[in-house]
Amino acid sequence: MIRLGNLDDIDAIMHMTKACAKVMISNGIYQWNEHYPNSTAFINDIKRKELYVLEIDDKLSGTIVISTFMDDEYIPIKWLTKNENNIYIHRLAIHPNVQGEGYARKLMDFAEQYAIDNNYGSIRLDTFSQNKRNQKFYELRGYNRLGDIYFPKQSDFPFHCYELVL
């Protein structure tokens, strides 16, 4: 079940994202660390009603943020559509215990349908340049890679920006 997240979910979200970070680091992917993602980001997502959670057998097992807010880091990117009717995907995570079972696909299906139902022109996101699995995941869904941005607190490596025109 996918539902809007609430403040009672914060502890479970942080536990899950720490587990995700641990697995990524063990695979040489230094995308998430002690700085990101943090509870402040998730609390803001919840307050803006942009954080959705995936529950499997009554356990919080995934997150996705569907936002209309464009981060300043995205400004230099030459997007395929105008900066006026877009959504941005952030903090897509699936608990390591259930990764590889199609749940990230379900969350992205949900986000894409949300965008279509609400007449958005495109979906934008970024993914870590060292996370080849994520890049393939988005590219197979039809997302176009457009340019790179940097989040110095996360990594010296770039993050690739993608857009899907609806």
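Look a little higher up for the structure.
For the structure given in this document, a descriptive report is provided here. (Residues numbered from 1 in each chain as written. Predicted model: local features only at pLDDT ≥ 70, side-chain atom pairs only at ≥ 80, totals over all residues. Heavy atoms only, no water.)

## A look at the sheet that holds strand 1 (residues 2–4)
Condition: For two strands to be treated as a pair, DSSP must find no fewer than two bridges joining them. Counting from the N terminus, the helices are the DSSP runs of H or I reaching at least four residues and the strands are the DSSP runs of E reaching at least two. Axis definition: a line fitted to C-alpha atoms, limited for helices to the stretch in contact. Angles are taken between N-to-C directions and run from 0 to 180 degrees. Here a residue-residue contact requires only that any non-hydrogen atoms of the pair lie within 4.5 Å.
Taken in spatial order, the seven strands make up an open sheet running 1-2-3-4-5-7-6, and their pairing is mixed. Looking at which strands have only one partner, the edges of the open sheet turn out to be strand 1 and strand 6 (144–149). Shown here is a sheet whose adjacent strand axes are inclined to one another by a mean of 30 degrees, direction ignored. When strand 3 (residues 59–67) meets strand 4 (residues 86–94), the two strands line up antiparallel, connected through five bridges. Each bridged residue has a counterpart across the sheet, and for Ser-67 the counterpart in strand 4 is Tyr-88. Docked against the sheet, helix 1 (residues 10–26) engages strand 2 (51–56), strand 3 and strand 4, running at close to 90 degrees with respect to strand 3. Sitting on the sheet, helix 3 (residues 103–117) is in contact with strand 1, strand 2, strand 3, strand 4, strand 5 (122–128) and strand 7 (159–165), with an inclination near 165 degrees to strand 4.

## Here we look at the packing of aromatic side chains
Given two aromatic rings, their pairing is described by the distance between the two centres and the angle made by the two planes. Applicable threshold: Working definition: rings of Phe, Tyr and Trp (its six-membered ring) pair if their centres are within 6.5 Å, and the pair is stacked with planes under 30 degrees apart, edge-to-face with planes over 60 apart, and tilted otherwise. Three exposure classes are used, based on accessible area relative to the maximum for each residue type with a 1.4 Å probe and protein chains only: buried under 20%, partly exposed in between, and exposed over 50%. A ring is considered to have a charge above it if a Lys NZ or an Arg CZ atom is located within 6 Å of its centre and within 35 degrees of its normal.
Counted by the stated rule, this structure contains 12 aromatic pairs. Geometrically, the ring pair formed by Phe-128 and Phe-159 is tilted, given 5.0 Å between the ring centres and 45 degrees between the ring planes. Placement of the pair is Phe-128 in strand 5 and Phe-159 in strand 7, with a sequence separation of 31 residues. Take Phe-128 and Phe-159: they sit in the same class, and that class is buried. Look at Tyr-138 and Tyr-143: their rings are 5.8 Å apart centre to centre, the planes differ by 70 degrees, and that puts the pair in the edge-to-face class. The same class applies to Tyr-138 as to Tyr-143, namely buried. An aromatic cluster is present here, built from Tyr-52, Phe-110, Tyr-114 and Tyr-120 joined pairwise through their rings. Over the ring of Phe-42 we find Arg-91, and its NZ or CZ is 5.9 Å from the ring centre.

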